[in-house]
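# Remarks on the overall topology
Here is what each chain is made of, one letter per residue.
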Amino acid sequence: MKMHVFTCIQLFCLIVLWVVKSTRASLAFPFFLILMVPLRGHLMTSFFTQKELRALDGDQADVDDDEPDFYAEAPLPG
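Source: prediction; values computed, not measured.

Before going further, it helps to spend a moment on the packing of helix α1 (residues 2–22) against helix α2 (residues 29–43). Helix-helix packing is described using two parameters, namely the angle between the two axes and the distance between the axes. Closest axis-to-axis distance for the α1/α2 pair is 9 Å, and the angle between their directions is 165 degrees. One way to sum up the angle between α1 and α2 is to call them roughly antiparallel. In the crossing of α1 with α2, the sense of the turn from one axis to the other is right-handed. For the pair α1 and α2, contact is made by C13, V16, L17, V20 and K21 and by F29, F32, L33, M36 and L39, respectively. Looking at the contact of α1 with α2 residue by residue, the class counts come to nine nonpolar, no polar and one charged.

Structure, rendered in structure tokens:
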């Protein structure tokens, strides 16, 4: 259910940005784009926990750092 709410919020934001871009208010597009940052930071945390937001944002929600990164540990030639 929360995934659908998150998707609906993203879709609403996309529609708002599309409408702003398509109207005479297109000069305010950067302002609306910057307003999406506080929406994500403050307003969405009232609906979702930090763990849920990390899980909804991408595929690396619960990454365990038990295993060292191969590329960081590999010796460089030379």
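Moving on: the layout of surface pockets. As a volume, the largest pocket reaches approximately 150 Å³. Taken together, F6, I9, Q10, C13, L14, L17, M36, L39, R40, M44 and D57 form the lining of the largest pocket. Among the elements that take part in the lining of the largest pocket, α1 stands out by supplying six residues, more than any other. Counted by class, the lining of the largest pocket contains eight nonpolar, one polar and two charged residues.

What follows covers the packing of α1 against helix α3 (residues 50–57). As a packed pair, α1 and α3 sit with axes 11 Å apart at the nearest point and diverge in direction by 70 degrees. The angle between α1 and α3 falls in the class roughly perpendicular. Judged by the twist between their axes, the crossing of α1 over α3 is right-handed. Residues K2, M3 and F6 of α1 pack against E52, L53, L56 and D57 of α3. By residue class, the composition of the contact of α1 with α3 is four nonpolar, no polar and three charged.

The rules behind the values
Residues numbered from 1 in each chain as written. Predicted model: local features only at pLDDT ≥ 70, side-chain atom pairs only at ≥ 80, totals over all residues. Heavy atoms only, no water. Axes fitted to C-alpha atoms, helices over the stretch in contact; angles between N-to-C directions. Helix = DSSP H or I, 4+ residues; strand = E, 2+ residues; numbered from the N terminus. Parallel < 35°, antiparallel > 145°, perpendicular 65-115°, else oblique. Left-handed = near helix turned anticlockwise from the far one by under 90°. Contact = heavy atoms within 4.5 Å. Nonpolar A, V, L, I, M, F, W, Y, C, P; charged D, E, K, R; others polar. 1 Å grid on protein atoms, 1.4 Å probe; cavity = no way out; pocket = protein on both sides within 12 Å on 5 of 7 lines; lining within 4 Å. Points joined across faces, edges and corners; volume = space filled by probe spheres on them.

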